[in-house]
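A closer look at the structure
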Amino acid sequence: MTARSQTAGRLPLLQAAYVVARRDFTAILFSRAFIFFLLGPLFPVVVMVLAGGVGAQVQQGSGIANVGLAMSAEDNHAMITARDALAKRLGPAVPPMSELRSVASDETFDAAATLQESEGQLAAVVTGTPAAPHLTATEGSIGRWQGIVGMIAAQAEGQSLDYPAVATSTVASSAAARNSARIHTAQGAQVLLFLLIMLLASMVLSNLVEEKGNKIIEVLAAAIPMDAVFLGKLFAMLAISVVGILVWGSTAGIVLTAGGVSLADIAMPGVGWPMFIVLFALYFAMGYLLLGAIFLTIGSQAKTVREVQTLSMPATMLQILVFFLASLTVTNSGGWIDFAGRAFPLSSPFVMVARAAMDESLWPHVVALAWQALCVAVFVRVGARMFRKRVMKSGPQGAKKGVERRRGPAGFVRGLFSKGSAATR
Amino acid sequence: MDMATGDFSPREGTSAPMAIEAHNLIKRFDGTTAVDGVDLAIPTGAIYGILGPNGAGKTTTLRMLLGIIDPDEGERIVLGASNPQDVARYIGYLPEERGLYPAMKAYEAIAFMGALRGLPLQQGREKARELLENHGLGHAVDRQIRQLSKGMAQTVQLLGTLVHEPKLVVLDEPFSGLDAINQGKLEVLIRGLADKGTTVIFSTHVISHAERLCEGIAIIAGGKVPFAGRVDEARDRIPAQVRLETRRREGGWLSALPQDARRVGDFWTFALPETGVEPLLKALIEGEAGILSFSIERAGLHDAFVAIAGEVAAKDMVAGEPGDEA
């Protein structure tokens, strides 16, 4: 048979992968599981909102630390007036002050005992006079408030605290501000990428269990290369995720726009918004395909859904470790961690999406994407081989052999026809 | 017939090219030899049976022939290609462990299996509807697989195996799980395929199907092929059986019977003596046995199979080799 006719005798790899992907895509899209998949991101959002609400409530309950005054009535009043005047200029750095007690000149006040016994938000006590104030508090609070209490006391004493007027010129950005804002964009992109990939990973992990459970895997293996089965399954999930992202993105866009938020509120990425969105999509695809190929391989080694569930924990831990490594590189650009993060295939998409937010240059992305694509091909090939080797293996049942030997030739033949040995085929 | 390769010509006077040639196929799993030097030569257009007890190595052999797994040693040429996956479009395969996607509709399942073999989806859908109608499943076209009976689902998978009109059809234990009526229908279907020039290979451990359908068979036992050739030749491996009924139960004529003669009810049965029937008949007549009936019955394939497979088992046990794996 000529090479030409051989090629015509089988589906090309990508076409075969397309047949598998089309089946999977349709099956998932019209399943109930897809509804839950779409609702997936809603759960973390709800949890975050609830956690935020609880946190705010706790914060509200804990209140703001208060400084109590125990001076003469006039001094207390003068201190509070001075504090209010300074708060207008210095803002929240000035702690709230309230009168604890009016103390006569011949009277002593045990500030330490009051702080020990009091309940609520009392964090420090000022005694003495504005000319000679005495601050009683914990060590940390003293470090924080000593200077401010002195300023308030000086103001209360009537000393002039005239500050020169500072003229201002507003600029759109500074190097530090830009860098800081881009770090936030980079971190945000990494978190989003991580969440999206994590959402898909568990689905990929159990993707081949259906074929194994339904015994259809042998039909697939006989017709098309196992590489095509793997690729088809990965791309089907990728297509599903694109549908999901479109739905989630549209919903989020509507909600944020209604809330008055726009892209202009987020720092412009180094490569600009259009290129950043393209790179984000590419790194999402690569990150998903890389992790997906590994998870598909791990999942393919499992025989049952229970085994898949057991495997999902270490797989999730691996994802989190990769995310931590990538997170470290955001503020360690140029170091060995950064290089390791870019070179290690699983963390490379996370590191590079952060680079896209931080730097202007494009060529590193071309190199990174080529490297990641190569790794995808290798992972798929290795995974497919492992799967093919394991799934299509018939196994002997050694114990049976000895039993048959004791029966003699006739017993052996009879035994071979028994139902029990069918499983070994 | 070449016993070394199992080559035979199914139709006298023709020299059909081989659909499958396999030489010394060996497959080991975890150090255990599952298939141990299988040689096969199956002509194009033949109905060929792979016979063997459970666990003999039939499925492993078929998987190697289809390229699902690769042999550790040996080579196979399928439809002229050394890599069976290069000719996957021309092959239809029904595995022993049947499987379909439960949520798929019957016609979609068939079209999907065709698409895996290169049949355009739309064309596959049309052909699927047609095939289902022709096989009495017109009412189930739009039903999901999970809504079908086991027999119906099995038929759907068989039709999926054939929808792309393959040149070579490989069926692994196709009769298992089917009732007698559907087994009969399947036999008709297999004959119809062969009439159109399709090569059909099926494995079975139920000998009667092979005896009725096959022109050639290979017997696999213990991973080896002790016999490959025509069905007639397999039956000729054991001598014909004589069945004798006499009026007199005792007498001197008894000494004329061969040593292996056994009495079963009113009959004596024994292997046809190498000297032929004439000396025996003469002795019976002279000894006044009173012959009521005398018939020579050719051995059935089942007897031949048990004898051949048993020989291998006995040899394996003497040699201490694995004979029941894979």
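All values derive from a computational prediction rather than experimental measurement.

**Some thoughts on the overall build of chain B**
- For chain B, the count of helices and strands is 9 helices and 13 strands.
- Projected onto the principal axes, the alpha-carbon positions of chain B cover approximately 80 × 45 × 40 Å.
- Each of the 326 residues in chain B was classed as buried or not, and the buried ones make up 48%.
- Contacts spanning at least 24 positions in sequence make up 72% of the contacts within chain B whose residues lie at least 6 apart.

**Some details on the packing of helix 5 (residues 73-90) of chain A against helix 7 (residues 139-156) of chain A**
Residue and element names in this part refer to chain A.
- At a closest axis distance of 8 Å, the pairing of helix 5 and helix 7 adopts a crossing angle of 115 degrees. Considered as vectors, helix 5 and helix 7 are oriented roughly perpendicular to each other. In the packing of helix 5 onto helix 7, the handedness of the crossing is right-handed. Residues Ala-78, Met-79, Ala-82, Arg-83, Ala-85 and Leu-86 of helix 5 lie in contact with helix 7, whose contacting residues are Met-151, Ile-152, Ala-153, Gln-155 and Ala-156.
- Residue composition of the contact of helix 5 with helix 7, grouped by class: 9 nonpolar, 1 polar and 1 charged.

**Here's the deal with the sheet that holds strand 1 (residues 18-29) of chain B**
Residue and element names in this part refer to chain B.
- Overall, antiparallel pairing links the 3 strands, which are arranged 2-1-4 in an open sheet. The open sheet has two free edges, formed respectively by strand 2 (32-43) and strand 4 (73-78), since each of these has just one partner strand. Averaged over neighbouring strand pairs, the angle between their axes works out to 15 degrees when direction is ignored.
- Judged from the 9 bridges that link them, strand 1 and strand 2 form a sheet pairing that is antiparallel. Each bridged residue has a counterpart across the sheet, and for Lys-27 the counterpart in strand 2 is Val-35.

**What about unusual backbone geometry?**
Residues and elements named next belong to chain B.
- A positive phi angle, close to 50 degrees, is found at Asp-30, a residue other than glycine.
- Structurally, Asp-30 can be placed in the loop between strand 1 and strand 2.
- The phi angle at Glu-173 is positive, at roughly 50 degrees, despite the residue not being glycine.
- Take Glu-173: it is sitting in the loop between strand 6 (168-172) and helix 5 (180-195).
- With 23 C-beta atoms counted inside 10 Å, the residue Glu-173 sits in the buried group.

**Quick word on the environment of Gly177(B)**
- With respect to the helices and strands, the residue Gly177(B) is situated in the loop between strand 6 and helix 5.
- Considering only alpha carbons, one finds Gly177(B) and Ala46(B), 131 residues apart in sequence, at a separation of 25 Å.

**Regarding the nonpolar core**
- The biggest cluster of nonpolar side chains holds 154 residues, and the ones touching the most others in it are Ala293(A), Ile110(B) and Ile219(B).
- Residues within four places of Ala293(A) in sequence aside, it is in contact with Phe230(A), Leu234(A), Val376(A), Phe379(A), Val380(A) and Gly383(A).
- In this structure, Met71(A), Ala78(A), Ala111(A) and Val125(A) belong to the second largest nonpolar core, which totals 20 residues.

**Here's the deal with the domain arrangement of chain B**
- Domain boundaries in chain B define domain 1 (18-230) and domain 2 (241-297).
- Taking only C-alpha atoms into account, the centre of domain 1 of chain B sits 46 Å from that of domain 2 of chain B.

**What to know about helix 5 of chain A**
All names here are of chain A.
- Under the 1.5 Å per step criterion, the end-to-end length of helix 5 is 25 Å for 18 residues, consistent within 8% with the ideal 26 Å.
- Turning to helix 5, its buried residues are Asp-75, Asn-76, Ala-78, Met-79, Ala-82 and Arg-83. Down the axis of helix 5, the sector holding all buried residues measures 160 degrees, keeping them to one side. Structural note: helix 5 exposes Ala-73, Glu-74 and Lys-88 on the side pointing more than 90 degrees away from its buried face.
- Buried positions along helix 5 lie against strand 1 (66-70), strand 2 (97-99) and helix 7.
- Directly after helix 5, the chain includes Gly-91, whose backbone phi takes a positive value near 70 degrees.

**Let's talk about the sheet that holds strand 3 (residues 122-128) of chain A**
All names here are of chain A.
- Pairing is mixed in the open sheet, where 4 strands are placed in the order 2-1-3-4. The outermost strands of the open sheet, each flanked by one partner alone, are strand 2 and strand 4 (133-137). Adjacent strand axes in the sheet meet at a mean angle of 30 degrees when their direction is disregarded.
- Across 5 bridges, the pairing between strand 3 and strand 4 is antiparallel. Across the sheet, residue Val-126 finds its bridge partner in strand 4, namely Leu-135.
- Packing of helix 5 onto the sheet brings it into contact with strand 1 and strand 2, and relative to strand 2 it is tilted by some 160 degrees.
- Strands in contact with helix 7 are strand 1, strand 3 and strand 4; relative to strand 4, the strand with the most contacts, it is inclined by about 155 degrees.

What counts, and where the lines are drawn
- Residues numbered from 1 in each chain as written.
- Chains lettered and ligands numbered in written order.
- Predicted model: local features only at pLDDT ≥ 70, side-chain atom pairs only at ≥ 80, totals over all residues.
- Helix = DSSP H or I, 4+ residues; strand = E, 2+ residues; numbered from the N terminus.
- Buried ≥ 20, exposed ≤ 12 C-beta atoms within 10 Å, placed from the backbone.
- Contact = placed C-beta atoms within 7 Å.
- Axes fitted to C-alpha atoms, helices over the stretch in contact; angles between N-to-C directions.
- Parallel < 35°, antiparallel > 145°, perpendicular 65-115°, else oblique.
- Left-handed = near helix turned anticlockwise from the far one by under 90°.
- Nonpolar A, V, L, I, M, F, W, Y, C, P; charged D, E, K, R; others polar.
- Pairing = 2+ DSSP bridges.
- Core = buried A, V, L, I, M, F, W, Y, C linked by C-beta atoms within 7 Å.
- Domains from an automatic or database assignment.
- Expected span 1.5 Å × (residues − 1).
- Arc of directions from axis to C-beta.

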